[in-house]
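In case you want the letters, here they are:
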Amino acid sequence: MATLRVLAIAAASGRVGYVYLVDAKLKDWRISGTAARSKSAAAEMTQKWINRLKPEIIVTEKAKDAAKKSAATKAIIASIAETAAHNYVLDVSVVRQHGYVNKYEEAEALAGRYPEVRNWLPGKRRFFDNEPRNTVLFEALSLAEQVMRGPSTALAKAMG
């Protein structure tokens, strides 16, 4: 049976994060502030991750449909997706589904399924605090799950 390697990359203000899964098992995750500096920095870092991890599928959020993202963050997401498209991988952009009351409940649920990232759970913020840095990891994990949950339909759409 073939091994399925999935790299899901998410961007938020000032940070880009990825999760790397092999056969639906979480193997690696990272957050980069450098990748969030510009479109070219995002493309360069994405290419480094692709070269090192050798994924078969790269998942990103659809930049134009990215809810609550600034124009700069949407440009970063688009640059990441474009870099993926220039490689010999299946690049899948999905509309991020929000199936939880908030991203902290989603992160808690994801940590239940992937205990390796439990220590990375973001603390709940007060209304005047900045968003915790680690939320981007759980956004990436959510994107990966969207594709892995319904691979026959999501992947078929991406191929078509």
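This section reports on the structure supplied with the text. Small disclaimer: the values here were computed from a predicted structure and weren't measured. (Residues numbered from 1 in each chain as written. Predicted model: local features only at pLDDT ≥ 70, side-chain atom pairs only at ≥ 80, totals over all residues. Heavy atoms only, no water.)

### Some words on the overall build of the chain
Selection criterion: Strands are runs of DSSP state E lasting at least 2 residues, helices are runs of H or I lasting at least 4, and numbering of each runs from the N terminus. Note on method: radius of gyration uses C-alpha positions; expected globular size equals 2.2 Å times residues raised to 0.38. Residue contacts follow a heavy-atom distance rule, with two residues in contact if any of their heavy atoms lie within 4.5 Å. The Shrake-Rupley method, run with a 1.4 Å probe sphere, supplies the accessible areas, and residue values consider only the shown protein chains as cover. A positive count includes Lys and Arg, and a negative count includes Asp and Glu. His and the chain ends are not counted in either. Just so you know, the charge point we use is NZ for Lys, CZ for Arg, CG for Asp and CD for Glu.
Helix and strand counts for the chain stand at five helices and five strands. Listing every helix and strand of the chain by position from the N terminus yields β-β-β-α-β-α-β-α-α-α. Taking 2.2 N^0.38 as the reference for a compact globule, 160 residues should give roughly 15 Å; the C-alpha atoms of the chain span a radius of gyration of 15 Å, in line with that estimate. Each principal axis of the C-alpha distribution contributes one length, and for the chain these read about 45 × 35 × 25 Å. A fraction of 63% describes how many contacts in the chain between residues 6 or more apart in sequence connect residues 24 or more apart. As displayed, the chain offers around 8,600 Å² of accessible surface, 53% of which is attributable to carbon and sulfur atoms. Distance from the positive charge centre (25 side chains) to the negative charge centre (16 side chains) of the chain: 2 Å.

### Notes on helix α2 (residues 71–85)
Counted only if it meets this: The length a helix should cover is 1.5 Å for every residue beyond the first. Each residue is assigned to one of three classes by its accessible area relative to the maximum for its type, calculated with a 1.4 Å probe on protein chains only: buried under 20%, partly exposed between the two thresholds, exposed over 50%.
Across its 15 residues, α2 extends 21 Å between first and last C-alpha, which sits within 8% of the 21 Å expected from 1.5 Å per residue. Within the sequence span of α2, burial applies to Thr-73, Ile-76, Ile-77, Ser-79, Ile-80, Ala-81, Thr-83 and Ala-84. Looking at the buried positions of α2, the neighbouring elements they touch are β1 (5–12), β2 (15–22), α1 (39–53), β4 (57–61) and β5 (90–94).

### Digging into unusual backbone geometry
One non-glycine residue, Asp-23, adopts positive backbone phi at about 50 degrees. Relative to the assigned elements, Asp-23 resides in the loop between β2 and β3 (25–32). The partly exposed category is assigned to Asp-23, whose relative accessible area is 38%. Backbone geometry at Ala-24 places phi at a positive 65 degrees, although glycine is not the residue there.

### With respect to the pairing of β1
Quick note on the threshold: Here, strands pair whenever DSSP counts at least two bridges between them.
Most of β1 sits out of view: seven of its eight residues are buried. As defined by bridge partners, β1 adjoins β2 across eight bridges and the pair is classed as antiparallel. Looking at β2, one finds that Ala-12 is bridged to Arg-15. Counting the residues between successive antiparallel strands, the hairpin from β1 to β2 contains two residues, one of them, Gly-14, with a positive phi of roughly 80 degrees. In terms of strand pairing, β1 meets β4 through three bridges, oriented parallel. Bridging across to β4, Leu-7 finds its partner in Ile-58.

### A word on the sheet that holds β3
Short version of the rule: The angle between two axes is taken between their N-to-C directions and runs from 0 to 180 degrees, where each axis is a line fitted to C-alpha atoms and a helix contributes only its stretch in contact.
If you walk across this open sheet you meet the five strands as β3-β2-β1-β4-β5, and the pairing is mixed. The open sheet has two free edges, formed respectively by β3 and β5, since each of these has just one partner strand. Ignoring strand direction, the axes of neighbouring strands in this sheet form an average angle of 20 degrees. Strands β1, β2, β3 and β4 of the sheet are contacted by α1, whose axis makes an angle of about 160 degrees with β1.

These figures come from the coordinates and say nothing about function on their own.
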